Structures are given as C-alpha cells and as structure tokens.
Amino acid sequence: DAGVTQSPTHLIKTRGQQVTLRCSPKSGHDTVSWYQQALGQGPQFIFQYYEEEERQRGNFPDRFSGHQFPNYSSELNVNALLLGDSALYLCASSFNQGAEQYFGPGTRLTVT
Amino acid sequence: DQQVKQNSPSLSVQEGRISILNCDYTNSMFDYFLWYKKYPAEGPTFLISISSIKDKNEDGRFTVFLNKSAKHLSLHIVPSQPGDSAVYFCAADPRGSSNTGKLIFGQGTTLQVKP
C-alpha cells in the first residue's frame, strides 16, 4: 500500500522563476492538502483540494496555485519565486477532507 | 498570530521515564486536536488525536490530555524509548466550522530520549 509520494525531492530555482511540485495521495484518499514548512517552524497550511476544487486556503498570495486531477493527484505551482519561498513543501492526503492527514516526505525548495 | 503554541522548543528525558509535551491554543472554536511526530528527512507521522468532547485518549504508550477551560493539551509518552527521539507537532482542526482539514500547527518540540 503506497503512502503519499512527492516529486521532486529537492529543487533549486532562481528568483522570479516558476516551479511545479507534484503529489500522489495515499491509496483510498481523495483529498490533498499542501503545507509550507520553514526551518524551525511548524507546517503552514497553503490550500486543500477535494473533488478537483480548491476548498480551503491559508494566508498565502495568489502566486501559489494548485490543481487536482481526476486520479486525486495534485500539483502545487508557485510563480515569481522569492527568496522567502525557500522551504520544505509538504503534501498531505486524507479521506473526505478528514483531519487525520498522512504526509509525504516533502520537497525541499531552495530559491537563490 | 500564533493560534497553536508549543512553548518548549526542546525536551530531554531518560529512557524509561515519562515524556510530557505541552501545547496551548487560543481559539475556543478548535474542537479536534492531533499530535504528529517527525523524523529528519521524513514527513510528519500521525500519532494520536482527541476530540473536544473527550478529555483523554490513550493509544499504547501515548496518551493525550485535553483541558478545554485552559485551552491546553499535553502528550504523555510512557515509557520513553530512544526511538521516540523526534520533533513533535501539535495541530488543531476547527472542525466545528467549514474549515475541515485545515490543520494549524504549533512550532514543534524536539524530544531527545537518552539511553
């Protein structure tokens, strides 16, 4: 039973560029949430996708956007990258927008 | 505005003793709480949860206590084992509103269990 998978593992981008991160949920899950974790902090909620729609959104600018596909996998897109976007990006999946979320290993994004 | 706070950045205990990790929250609308454990280079792993209708939930060596009047919860690990050494995050989900699944995390507490 595959857990939550994310790709790529690491990514280095330059300021102003755009990036796409990918996530496949745990088998049987239909909801994907994305979090940003800065060094020494707890994860911060970016948004949640359920039934291919953005259902919840945290306090992040419109530069952060996403998508959910019919197979429940999801993408996180960040435009016009800033140095402050450097962080670990975590994807979490659950069933029916449940609170008990299963996390992937994350994508470490470095913006130079 | 930190709605979920873990005021102790780190905790060190001896193997076999009790570990107590604390968490405070400010929003009385929060009604479901979770604890996650995180090892380096891995995503957080769900440990245990508690609903606001309860004041205690137990799962093996892990027990979570909730004091709603104080807006405080704690995670007890008994007995502590070296493999428990990790960062522990407290999280809240305001399930009473439409914000289902929007977890709000504390800053984390690094637990070190010494052999």
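Fair warning: this is a prediction, and the values are worked out from it, not measured in the lab.

## Some thoughts on the overall build of chain A
Counting its regular elements, chain A contains zero helices and 11 strands. In summary, chain A has a C-alpha radius of gyration of 13 Å against a globular reference of 13 Å for 112 residues, a match within 12%. Along the first, second and third principal axes, the C-alpha atoms of chain A reach 40 × 25 × 25 Å. Taken across its 112 residues, chain A has 52% of its residues classed as buried. Restricting the contact set of chain A to residue pairs at least 6 apart, pairs at least 24 apart contribute 53%. Counting only carbon and sulfur atoms, one obtains 47% of the accessible surface of chain A, whose full area is about 5200 Å².

## So, the sheet that holds strand 8 (residues 74-78) of chain A
Residues and elements named next belong to chain A. Read across the sheet, four strands follow the order 1-3-8-7 without closing on themselves; strand pairing throughout is antiparallel. In this open sheet, the two edge strands, each paired with only one partner strand, are strand 1 (5-7) and strand 7 (64-68). Between one strand axis and the next, the sheet turns through 20° on average, direction left out of account. Bridge count between strand 3 (residues 19-24) and strand 8: five bridges; the pairing is antiparallel. Paired with Arg22 across the bridge in strand 8 is Glu75.

## What to know about the sheet that holds strand 7 (residues 62-67) of chain B
The strands making up a sheet are joined through hydrogen bonds of the backbone, oriented either antiparallel or parallel. All names here are of chain B. The antiparallel open sheet is built from five strands, whose spatial order is 1-3-8-7-6. Both edges of this open sheet fall to strand 1 (4-5) and strand 6 (56-59), since each of them pairs with a single strand only. Pairing of strand 1 with strand 3 (residues 19-25), which is carried by two bridges, proceeds in the antiparallel orientation. Bridge pairing in strand 3 links Val4 to Tyr25.

## Some details on the side chain of Gln97 of chain A
Relative to the elements of secondary structure, Gln97 of chain A occurs in the loop between strand 9 (87-94) and strand 10 (102-103). A polar contact is formed between the side chain of Gln97 of chain A and the side chain of Gln48 of chain A, at a distance of 2.8 Å. Setting aside anything within four residues of it in sequence, one finds Gln97 of chain A in contact with Asp30, Thr31, Gln48, Tyr50, Arg55 and Gln56 of chain A together with Thr100 and Gly101 of chain B.

## Regarding the environment of Phe62 of chain B
Residues and elements named next belong to chain B. Structurally, Phe62 is set in strand 7. With 43 residues separating them in the primary sequence, Phe62 and Ser19 have C-alpha atoms 9.7 Å apart. Discounting residues that sit within four places of it in the chain, Phe62 has contacts with Leu47, Ile48, Asn57, Leu75, His76, Ile77 and Asp84.

Parameters at a glance
- Residues numbered from 1 in each chain as written.
- Chains lettered and ligands numbered in written order.
- Predicted model: local features only at pLDDT ≥ 70, side-chain atom pairs only at ≥ 80, totals over all residues.
- Heavy atoms only, no water.
- Helix = DSSP H or I, 4+ residues; strand = E, 2+ residues; numbered from the N terminus.
- Rg over C-alpha atoms; globule rule 2.2 N^0.38 Å.
- Buried < 20%, exposed > 50% of the residue type's maximum accessible area, 1.4 Å probe, protein only.
- Contact = heavy atoms within 4.5 Å.
- Areas by Shrake-Rupley, 256 points an atom, 1.4 Å probe, with all protein chains shown as cover.
- Pairing = 2+ DSSP bridges.
- Axes fitted to C-alpha atoms, helices over the stretch in contact; angles between N-to-C directions.
- Polar contact = N/O pair within 3.5 Å; in protein donor to acceptor, adjacent residues only side chain to side chain.

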